[in-house]
Amino acid sequence: MSLSTDDRVLAGRYRLAGVLGSGGMAEVHRAWDVLLRRHVAVKVFQGVDTVESSRFDNEVRTLANLSHPGLVSVFDAGVCGGRSFVVLQLVDGPTLRDRLATGPLAPARVRALGAHLADALAHVHECGVVHRDVKPSNILLDDEDTPYLADFGLARSLGSPRLTNARQVVGTAAYLAPEQVRGEEVGPPADVYALGLVLLECLTGRREYQGSQVEAAVARLRRPPDVPRDLPADLARLLRRMTALSPRQRPTAAECARLLRGRSQPTAFAVEAGEAGEAGGVGTEAIRPLARSRTRMAVAGAAVLAAVGTAWAVSGQFEPVSPTPAATVQQPAHLMP
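Owing to the predicted nature of the structure, the values given are computational and were not obtained by experimental measurement.

Undergrad: Could you clarify how one ought to interpret helix H5 (residues 188-204) in this entry?
TA: With 17 residues, H5 ought to run about 24 Å at 1.5 Å a step, and its terminal C-alpha atoms sit 25 Å apart, in line with that. Looking one or two residues past H5, Gly-205 carries a phi angle of roughly 80°, positive in sign.

In structure tokens:
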């Protein structure tokens, strides 16, 4: 779907300078706005499918109604030559996925990055939107390492109709919340869970749930994430709460931001017995609920395994889930589906 030479100035205004990334539904170009004289990113959609067209409209409308320093801004949108396009803030740097290909991050850096992203998610949730696809490749870093949450193609306003049927699982296998795997209705806690997995990956340098798409998705129903015992106790405790099996046990995004900045005590989320004797470790009370329901989860996992194998909706492509890190990309795949 690459644009021809005649299309290099889109809508008579955006001079396309090169492809930053591509996927099944869109290409993202670096561009120059000849009217306002600034660099931008232009995401050009195929727009040949009803669902793809709906996701384009969804992304544009969602981003247009959100305004936060931790979110990529939308500047313009339109149709040119039969293709829909959206003009976005250009974050000229790598994705978090690219950055993690070089190794894990220090806890202090993870706290700062996590607090910034949690702030952005808190704003998204306050506006009644759930992102549903928080992952390292959807987090862009500028030249000062400031993170920006991108790609709202799978976002959904709370209470809005589904773009996919109820049996389809929407998102990226390695970062799905348990309720997403089960095909249940998802809300803000699903984004908190995904952010918890992202921060854990930042600390360990590896994805927590690997394997095939189905294996990675169902694994979280069988075991909780393995939070390293040598992490600072408060950070380990917060990660366990963010990735709790039950959405009701997870803190809000706003609470995560405060805790990551050390602005309040995490007493509301402290596990009970067992934690004091294992600073930074997994408390026994945090594990027992899962152990007590292991049989139920095994049955649920088997049912999900069959369902997920036949119905999975994604925004164009899956993230690879092999243990081998992807090669570093010099330019971000900016808001790729």
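Undergrad: Sorry if this is basic, but what is going on with the packing of helix H3 (residues 107-126) against helix H8 (residues 253-260) here?
TA: Two quantities define a packed helix pair, namely the angle between the helix axes and the distance between the axes. Where H3 meets H8, the axes come as close as 7 Å, and the angle between the chain directions of the two elements is 155°. As judged from the angle between their axes, H3 and H8 are roughly antiparallel. Read as a crossing pair, H3 and H8 show a hand that is left-handed. Listed contacts from H8 to Arg-111, Gly-114, Ala-115, Ala-118, Asp-119, Leu-121, Ala-122 and His-125 of H3 are Ala-253, Ala-254, Cys-256, Ala-257 and Leu-260.

Undergrad: Hey, could you run me through the pairing of strand S3 (residues 26-33) in this one?
TA: The buried count for S3 comes to 7 of 8 residues, which makes it a mostly enclosed element. Pairing between strand S2 (residues 14-22) and S3: 7 bridges, direction antiparallel. Pairing of Ser-22 across the sheet is with Glu-27, part of S3. Summarising the sheet, S3 and strand S4 (residues 38-45) pair through 8 bridges and their orientation is antiparallel. Bridging from a neighbouring strand, Ala-31 pairs with Val-40 of S4. Here S3 folds back onto S4, and the loop between the two strands holds 4 residues, one of which, Arg-37, carries a positive phi near 55°.

Undergrad: What is the right way to read the nonpolar core from this model?
TA: One broad rule of soluble globular proteins: the nonpolar side chains tend to lie buried together. Formed by 68 residues in total, the largest nonpolar core has its most connected members in Leu-96, Phe-152, Leu-199, Leu-239 and Met-242. Among the elements that make up this core, the one with the highest residue count is H5 (11 residues). Counting residues domain by domain, this core receives three or more from each of domain 1 (9-90) and domain 2 (94-158 + 172-264). Discounting residues that sit within four places of it in the chain, Leu-199 has contacts with Val-110, Leu-113, Gly-114, Leu-239, Met-242 and Leu-260. Listed in part, the 9 residues of the second largest apolar core include Leu-10, Tyr-14, Ala-31 and Phe-85.

Undergrad: What is the right way to read the confidence of the model for the protein chain from this model?
TA: The predicted coordinates ought not to be read in detail in places where the model reports low pLDDT. Here the protein chain averages 78 in pLDDT, while 69% of its residues score no lower than 70. Low pLDDT, under 50, characterises residues 265-337; the predicted model gives this stretch 156 contacts beyond four residues in sequence or across chains.

Undergrad: What am I meant to see in unusual backbone geometry here?
TA: Excluding glycine, most residues fall at negative phi; most peptide bonds, likewise, are trans. The phi angle at Ala-11 is positive, at roughly 55°, despite the residue not being glycine. The topology assignment puts Ala-11 in the loop between strand S1 (9-10) and S2. Judged by relative accessible area, Ala-11 falls into the partly exposed class, the value being 45%. Phi angles above zero are rare outside glycine, and Asp-151 is one such case at about 60°.

Undergrad: Whenever I open this one, the environment of Gly-82 confuses me. Can you help?
TA: By the element assignment, Gly-82 lies in the loop between strand S5 (74-80) and strand S6 (83-89). Of the residues examined, Gly-82 reaches a relative accessible area of 60% and is grouped as exposed. Through-space distance from the C-alpha of Gly-82 to that of Phe-45 is 9.5 Å; in sequence the pair is 37 residues apart.

Undergrad: Just checking my understanding: could you explain the pattern of salt bridges for this structure?
TA: Pairing between side chains of opposite charge can happen when the charged atoms of each approach one another. A full pass over the atoms with the stated rule returns 11 salt bridges. The residue Arg-99 makes a salt bridge to Asp-145 at a minimum N-O spacing of 2.6 Å. With Arg-99 in helix H2 (residues 96-100) and Asp-145 in the loop between strand S8 (139-141) and strand S9 (147-149), this pair connects stretches of sequence that are 46 residues apart. Residue classification places Arg-99 among the partly exposed residues on the basis of a relative accessible area of 23%. Of the residues examined, Asp-145 reaches a relative accessible area of 24% and is grouped as partly exposed. Sharing partners across several salt bridges, the network here consists of Arg-99, Arg-109 and Asp-145.

Undergrad: Explain the packing of H3 against H5 here, please?
TA: Between H3 and H5, the shortest axis-to-axis distance is 10 Å and the interhelical angle comes to 165°. Relative to H5, the element H3 lies roughly antiparallel. Judged by the sense of rotation from one axis to the other, the crossing of H3 with H5 is right-handed. Of H5, the residues touching H3 (which contributes Pro-107, Val-110, Leu-113, Gly-114, Leu-117, Ala-118, Leu-121 and His-125) are Pro-188, Asp-191, Leu-195, Leu-199, Cys-202 and Leu-203. For the contact of H3 with H5, the per-class residue count stands at 11 nonpolar, 2 polar and 1 charged.

Undergrad: Sorry if this is basic, but what is going on with the packing of aromatic side chains here?
TA: Working definition: an aromatic ring pair is given by the centre-to-centre distance plus the angle between the planes. Evaluated as defined, the whole model comprises 1 aromatic pair. Summarising the aromatic geometry, the rings of Tyr-14 and Phe-85 are spaced 6.2 Å apart at their centres and angled 65° between planes, so their arrangement reads as edge-to-face. Residue Tyr-14 is located in strand S2, and its partner Phe-85 is located in strand S6; the two are separated by 71 residues in the primary sequence. Residue placement shows Arg-38 over the ring face of Phe-75; its charged tip is 3.9 Å from the ring centre.

Definitions and cut-offs
Residues numbered from 1 in each chain as written. Predicted model: local features only at pLDDT ≥ 70, side-chain atom pairs only at ≥ 80, totals over all residues. Heavy atoms only, no water. Helix = DSSP H or I, 4+ residues; strand = E, 2+ residues; numbered from the N terminus. Expected span 1.5 Å × (residues − 1). Axes fitted to C-alpha atoms, helices over the stretch in contact; angles between N-to-C directions. Parallel < 35°, antiparallel > 145°, perpendicular 65-115°, else oblique. Left-handed = near helix turned anticlockwise from the far one by under 90°. Contact = heavy atoms within 4.5 Å. Buried < 20%, exposed > 50% of the residue type's maximum accessible area, 1.4 Å probe, protein only. Pairing = 2+ DSSP bridges. Core = buried A, V, L, I, M, F, W, Y, C linked by side-chain atoms within 4.5 Å. Domains from an automatic or database assignment. pLDDT = per-residue confidence, 0-100. Salt bridge = Lys/Arg side-chain N within 4 Å of Asp/Glu carboxyl O. Nonpolar A, V, L, I, M, F, W, Y, C, P; charged D, E, K, R; others polar. Phe/Tyr/Trp six-rings, centres within 6.5 Å; stacked < 30°, edge-to-face > 60°. Lys NZ or Arg CZ within 6 Å of the ring centre and 35° of its normal.

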